[in-house]
Amino acid sequence: MSEPGFARVSLVDARAPTSAFIPMRARSISAAGPSTAPGPNAPDDPFLLGFAQGERLAAEAFAKERADLVALIAAANALQAEPSEELAAMIATTVERLMTELVGIMPVEKFWLSGRIERAMAFIGEADAARTLWLHPDDAAMLADVDLALDVQTDTMLERGALRIDCSLGWIEDSRSLHLDALRATLGIEVGA
């Protein structure tokens, strides 16, 4: 049962149009009933005038919003990605410079160096008895009280914190400069650049 003064409206007819903003409103009792927008001969009904003005303001606001959105989409499409090679080179150079500076100011510590020696010794088999550990003289003095189970020799040509283990099959080297060279290679920077 419907109330007097209202007509049934299907959901398809009541949905908002897709091409422009027009607020949905209840339809009058008959299809030929009065329009809500005042015409040239329309009475000066304040409700109809206010409603028409509200529709006009809403349509103007929608048009402005739509224009702003189109401008925003155009600006977003105009954005171009930076060339990845230049950006990658800049990041790689920055990382390499920071790591070089950090390695340069870090002191050589006893526990840090002895841990690196143990990791290097793990690469050599227990059966290889011809093993000699080469260290910078200052590092050898610092590790004098550490049991390394290797014959320790000094080499002034090694940098502080570097080590070399000679064995019958070759040698194992570990140093800060080797790690920095590996970092440079990973970052794609020429060694010595």
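Definitions and limits used
- Residues numbered from 1 in each chain as written.
- Predicted model: local features only at pLDDT ≥ 70, side-chain atom pairs only at ≥ 80, totals over all residues.
- Heavy atoms only, no water.
- Buried < 20%, exposed > 50% of the residue type's maximum accessible area, 1.4 Å probe, protein only.
- Helix = DSSP H or I, 4+ residues; strand = E, 2+ residues; numbered from the N terminus.
- Pairing = 2+ DSSP bridges.
- Expected span 1.5 Å × (residues − 1).

(A) Examining the pairing of strand β3 (residues 163–167) more closely. Counting buried positions along β3 yields four of five residues, so the element is predominantly enclosed. Alignment of strand β1 (residues 132–135) against β3, held across four bridges, turns out to be antiparallel. By the bridge assignment for β3, Leu133 is matched with Ile165. Summarising the sheet, β3 and strand β4 (residues 170–174) pair through five bridges and their orientation is antiparallel. When the sheet's bridge partners are listed, Arg164 is paired in β4 with Glu173. Connecting the antiparallel pair β3 and β4 is a turn made up of two residues.

(B) Structural view of helix α2 (residues 46–78). For α2, spanning 33 residues, the distance from its first C-alpha to its last is 48 Å, which sits close to the expected 48 Å at 1.5 Å a residue. Every buried residue of α2 is accounted for by Leu48, Ala52 and Glu55.

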